[in-house]
Amino acid sequence: MISQLAIVLFDGFAFGMLLFVLSVGLSVTLGLMNFINLAHGAFGMLGGYVAVTAMRGLGWPFLAALPAAFLAAAGISVLLERTLFRRLYKSGELNQVLFTIGVVFVAAALATYAFGTVQQVIQLPAWLRGSVEVAGLRLGTYRIFIIAVALAITGLLVFGLERTRLGARIRAAVDNQRVAQGLGLDVEKIFAVTFALGSGLAGLGGALAIEIVGLDPSFGFHYLVYVLIVVSVGGLGSVAGSFFGAALLGICDVAGKYFVPEIGSFLIYLLLVAILFVRPLGLFGKR
Amino acid sequence: MTVEAPTLADPHDWLRRRSRWSVFEIAFWVASLLPFFLFQTYLPLASQIAITALFAVSVDLVLGYAGVVTLGHAMFFGLGAYSAGLISKAGWGEPLTGLIIAGLFAGLVGYIASFIIVRVQHLALIMITLGFCLLTYELANSMSWLTGGTDGLQGVETWPILGVFRFDLWGYAAYGYALAALFLGLVLSRRIVHSSFGLSLRGIRENVRRMPAIGSDYRGHLQKIYTISAVMAGCAGALLTQTTDTVSLDTLSFQRSADVVVMLVLGGTGRLYGAVVGTIIFMVARDQLSDMNPQYWYFWIGLLLMVVVLLMPRGILGSLAQLARRRD
Amino acid sequence: METQQPALRTEALCKSFGSLKVTRDVTFELPRGARYALIGPNGAGKTTLINLITGEMRPDSGRILLDGREVTQAPTMARVRQGLTRTFQINTLFPDLTPIEAVLLAICERDRAAGQFWRSLTSHRVAIDESFEILTRLRLAEVATRPTRTLPYGQQRLLEMALALATKPKVLLLDEPAAGVPKDESAALFSVIAALPGDIAVLFIEHDMDIVFSFASRIIVLVSGGVLLEAEPAVVRGDPRVREVYLGKVGHV
């Protein structure tokens, strides 16, 4: 029983880390521009399909497909940001919601057109398959890999935000845009870079997710709900918030579906409403 | 800018003109009778449109007038639909009382939910409305002993309206019933938006920060309109149950919440008839393109959404009104 | 006989943001019918003080009394209903409503008629007449039916005042009513303020010292969150400390 619990906790944490990679970019961009980008999940899907194409079509190794997914999502997102999204920063949240939902619809249709509605699979390299025994528990190797990647990203993000010049600028812009602008920072440019990085991470998350949750054209919608839960529960603009929000959601989701399958999916929504009721700005939100 | 109407004689008259029935409105209602005579084969579609339009008008009251962005209104539609179905399954198939009870039940849930809704804004608001909707969906899904789960609620029976008009296969009674409900809903909504309460709602939409500074209990107003809107959405759901004799889980789905917002924005928010026009265009187009793979249908909807948001933020009806004004 | 209470009284109001004290121990009284000015250099905490008095922020300590009744914990809306109204330094209007609608909205809220969804707006005849009367008084009658966002800035400032007047205030806090208005127009704006009914107590923030000295019967000088001096204009004008921290530096007068 204890070992079962430990396995569920581990799987939940791994799923949570996947959600973290998918959503942390949205949290930062939302905190920065207050731009509600429901198309964030679609960038995850894009990354997933890029990885599938790279591996199956071009025969790239898995470890080369991951950065390709990151770069493709980052590149296309910044293109969309510069041409379309930036027109909506000043308009109301309804317009942002509708426009980005429109993007998700179009993306899903394009994915169907190119790849059909079937679930995509990829062949992991041998060293990521199977499981290893740690302290008497059999843990999936790939899940350990995901956790390691997510922790590395967290480390990089925290280090980058705290120690680098770009990080300092992003933090200043998140805290107070007007002051940042007054200090001569080019907030638009900072945002474009952040947007690209955040969407790139979503793309990487999408590629990582194929093995765990699969990939089909509804990915953008399905995981959008998870991503939004992470962001709103964790609080906007907070890396730590997204980390804990994602871990909490991942564990609750997996544990709920494992121990109480009848109400498993019900549980996370209840959690969402309850947390937002008590803390409308999320667990780590400041404004 | 040119100065228009340099002196204003009578503010009463100006306000009265804003709430008067226009020629277009009357023409619209006359035209709404056409399916009875000209397009009988489309009667079932017409009643679907009337029901969805009522739902869209209920969303317009909170979203278009009070400015509360909701992605979860299907919750009330679905609650109304299931209530009406369950009342009928319990042995009471009288439609009018069933409709009223279903609407009141949805309104009660809306009233309770409104205490949470008025506490939050922005992303949290969108997420809470969405969360409620998903929650209700999962609840209905897991309570299959009551709701029939994914199979839906079968064997709903509805008695003749007023004991006279039997629901017929061609859909005459269904359309008449749905159209009458839409008409009543619109008359009521008109009354609301042209009242002092309606003015307060627009004030909330335009600048919620100013409202307390003029002594407004705006949260109370929001709770009131949210409840009214929930009743109306519940009635729309009940109409769907009573005219189709089944209830399916997708009455509660996120897709329905999103679709109705799309229709509303397409037609134009904050003008009641925008909701109706948007619904007609959306549903007729979907019917005409029903052979299309739903994925491709959403491609066009998505593209349309992007275009409407970027190029005609006031919706189709709003843009037409603007054109008409420019030509004056 | 009951002693006459001041229209507004604050007692030792304090407020900090983190380690920054923005309001320190502010105590003052605004008698009925007062015409007081609140002055001080930028960042002195003038707007914060108004936000505290109107309830948009909560003080860390201290009390606020309106007509002798404590309102320190009351929400903004309740204070407005008891006769404490403000205007905003940055226009806080309803862009898509017309002035007649905006003022009518404020009057309906005041009369507790705003929740009546069954009654047509046009049936509030007395309220409509009153709205139009207020707009006429502020010389906005001609633009009463134009959307607010299309009005020139100066008229929007007047509408800001019209909204406040529609609540029938006993205490009116004006946060730089003439902010951004050219000098000749701002005099006209202040003549409207001067013509307000004698029983309304007015506290206004203003940077133009000519206006302050000609309209205020008493001046409160706020420096880094605390009251430096409260006195008649002549005294303030002659006070060396005020000269140093405020007038001297900025170079007015």
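Thresholds applied
Residues numbered from 1 in each chain as written. Chains lettered and ligands numbered in written order. Predicted model: local features only at pLDDT ≥ 70, side-chain atom pairs only at ≥ 80, totals over all residues. Helix = DSSP H or I, 4+ residues; strand = E, 2+ residues; numbered from the N terminus. Rg over C-alpha atoms; globule rule 2.2 N^0.38 Å. Buried ≥ 20, exposed ≤ 12 C-beta atoms within 10 Å, placed from the backbone. Contact = placed C-beta atoms within 7 Å. Nonpolar A, V, L, I, M, F, W, Y, C, P; charged D, E, K, R; others polar. Expected span 1.5 Å × (residues − 1). Pairing = 2+ DSSP bridges. Axes fitted to C-alpha atoms, helices over the stretch in contact; angles between N-to-C directions. Domains from an automatic or database assignment. UniProt positions renumbered as here; feature names shortened; annotations may be inferred. Parallel < 35°, antiparallel > 145°, perpendicular 65-115°, else oblique. Left-handed = near helix turned anticlockwise from the far one by under 90°. Core = buried A, V, L, I, M, F, W, Y, C linked by C-beta atoms within 7 Å. pLDDT = per-residue confidence, 0-100.

Moving on, we come to the overall build of chain B. Within chain B, the secondary structure is distributed over 16 helices and zero strands. A compact globule built from 328 residues would reach a C-alpha radius of gyration of about 20 Å, and chain B, at 20 Å, matches this within 12%. Each principal axis of the C-alpha distribution contributes one length, and for chain B these read about 65 × 50 × 40 Å. Every one of the 328 residues in chain B was classed for burial, and the buried ones make up 55%. In chain B, of all internal contacts separated by at least 6 residues, the share reaching a separation of at least 24 is 78%.

Counting secondary structure elements, chain C contains nine helices and ten strands. On C-alpha atoms alone, chain C measures out to a radius of gyration of 19 Å, which is about the 18 Å that the 2.2 N^0.38 rule sets for 253 residues. Over its C-alpha atoms, taken along the principal directions, chain C stretches across nearly 60 × 45 × 40 Å. Here chain C, with 253 residues, has 45% of them falling under the buried criterion. Restricting the contact set of chain C to residue pairs at least 6 apart, pairs at least 24 apart contribute 66%.

It is common to give the size of an interface as the accessible area that goes away when the parts come together. Contact with chain C, which involves 40 residues of that partner, is made by 33 residues of chain B. For the side of chain C that touches chain B, the secondary structure elements donating two or more residues are α2 (76-81), α3 (99-110) and α4 (125-137) of chain C. The element contributing the most residues to the side of chain C that touches chain B is α3(C), with eight residues. Partitioned by chemical class, the residues of the side of chain C that touches chain B number 22 nonpolar, nine polar and nine charged.

Here we take up helix α5 (residues 74-89) of chain B. The α-helix winds at 3.6 residues per turn, so residues separated by three or four positions along the chain end up facing the same way. Residues and elements named next belong to chain B. Between its first and last C-alpha atoms α5 spans 22 Å; for 16 residues at 1.5 Å apiece the expected length is 22 Å, and the two agree. Among the 16 residues that make up α5, 15 are buried, leaving the element largely enclosed by the rest of the structure. Note on α5: the residue one or two positions beyond its end, G91, has a positive phi of about 110°.

To continue, consider the sheet that holds strand β9 (residues 218-223) of chain C. Residue and element names in this part refer to chain C. Reading across the sheet, the six strands line up as β6-β7-β8-β3-β9-β10 and stay open at both edges, with mixed pairing between neighbours. A strand with exactly one partner marks an edge of an open sheet, and here the two such strands are β6 (84-87) and β10 (226-231). Recorded for the sheet is a direction-independent mean angle of 20° between the axes of neighbouring strands. For strand β3 (residues 35-39) and strand β8 (residues 201-205), the ladder comprises four bridges, and the chain directions are parallel. Directly across from L38, in β8, lies its bridge partner I205.

As a further point, take the interface of chain A and chain B. Tallying the contact residues gives 34 residues for chain A and 31 residues for chain B. Counting residues per element, the side of chain A that touches chain B draws most heavily on helix α4 (residues 93-115) of chain A, at 14 residues. When the residues that make up the side of chain A that touches chain B are grouped by side-chain class, the tally is 26 nonpolar, five polar and three charged.

With that settled, consider the environment of C:V245. Residues and elements named next belong to chain C. Tracing the backbone shows V245 in helix α9 (residues 240-250). Take V245: there are 19 C-beta atoms within 10 Å of it, and that puts it in the partly exposed class. Apart from the residues lying within four places of it in its own chain, the contact partners of V245 are P41, V223 and L228.

Our next topic: the arrangement of the chains. With two pairs of chains in contact, the largest contact count belongs to chains B and C. When C-alpha atoms are compared, chain A and chain C, though not in contact, are closest at a spacing of 14 Å.

Here we come to the sheet that holds strand β2 (residues 20-30) of chain C. Residue and element names in this part refer to chain C. Here we have four strands laid out as an open sheet, ordered β2-β1-β4-β5, and antiparallel in their pairing. The sheet is open, and its two borders are formed by β2 and β5 (69-70), each paired with just one other strand. In this sheet, strand β4 (residues 61-66) lies alongside strand β1 (residues 8-17) in antiparallel orientation, the contact comprising five bridges. Across the sheet, residue E11 finds its bridge partner in β4, namely R63. Against the sheet, helix α1 (residues 46-54) engages β1, β2 and β4, with an angle of about 65° to β2.

For the rest of this paragraph, the subject is the domain arrangement of chain C. Residue and element names in this part refer to chain C. Split into domains, chain C comes out as domain 1 (1-83 + 169-253) and domain 2 (92-168). For domain 1 versus domain 2, the separation of C-alpha centres amounts to 26 Å. Taken together, the contact pairs ten residues of domain 1 with nine residues of domain 2. Residue contributions to the side of domain 1 that touches domain 2 peak at three residues, all from helix α6 (residues 183-194).

Once that is clear, we can look at the UniProt feature "transmembrane region" (unreviewed entry) in chain B. As recorded in UniProt, the feature "transmembrane region" (unreviewed entry) lies at residues 20-39, 51-76, 96-118, 123-140, 169-188, 260-285 and 297-317 of chain B. Span residues 96-118 of chain B is 96% helix and 0% strand, its end C-alpha atoms 32 Å apart.

The next thing to look at is the pairing of β4(C). All names here are of chain C. Bridge count between β4 and β5: two bridges; the pairing is antiparallel. Note on β5: the bridge partner recorded for L65 is E70. Hairpin connection from β4 to β5: two residues lie between these consecutive antiparallel strands, with D67 at a positive phi of about 60°.

Residue and element names in this part refer to chain A. If you trace the backbone, I210 turns up in helix α8 (residues 187-213). Look at I210 and you get buried, because 23 C-beta atoms sit within 10 Å. Taking the C-alpha atoms as reference, I210 lies 9.4 Å from M45; in sequence the two are 165 residues apart. Discounting residues that sit within four places of it in the chain, I210 has contacts with G48, A51, V52, Q120, I122 and L215.

Let us now look at the packing of helix α10 (residues 239-259) of chain A against helix α11 (residues 264-278) of chain A. All names here are of chain A. Contact geometry of α10 with α11 gives a least axis separation of 7 Å together with a crossing angle of 150°. In terms of axis orientation, α10 runs roughly antiparallel to α11. Crossing of α10 over α11 shows right-handed handedness. Of α11, the residues touching α10 (which contributes L249, C252, D253, G256 and K257) are G264, L267, I268 and L271. Class assignment for the residues of the contact of α10 with α11 results in five nonpolar, two polar and two charged.

All names here are of chain A. Here helix α3 (residues 62-83) contains 22 residues, and its C-alpha end-to-end distance of 32 Å stays within 8% of the 32 Å for a straight helix at 1.5 Å per residue. For α3, every residue scored as buried is listed here: A65, L66, A68, A69, F70, A72, A73, A74, S77 and E81. Looking at the buried side of α3, the elements it contacts are α2 (40-57) and α8.

On to the nonpolar core. One finds A:V21, A:A51, A:A69, A:V104, B:L54, C:V103 and C:A162 to be the most contacted residues of the largest nonpolar core, which totals 280 residues. Of the residues forming this core, the biggest block, 16 residues, is contributed by helix α1 (residues 2-33) of chain A. Residues within four places of A:A69 in sequence aside, it is in contact with A:G47, A:V50, A:A51, A:G203, A:L204, A:G206 and A:A207.

With that settled, consider the confidence of the model for chain B. Residues and elements named next belong to chain B. Across chain B, pLDDT averages 90, with 97% of residues at or above 70. Per-element confidence in chain B is highest for helix α12 (residues 218-244), whose mean pLDDT is 97, and lowest for helix α16 (residues 315-327), whose mean pLDDT is 82. Taken together, the stretch residues 1-6 has pLDDT below 50 and engages in one contact with residues farther than four places along the chain or on a different chain.

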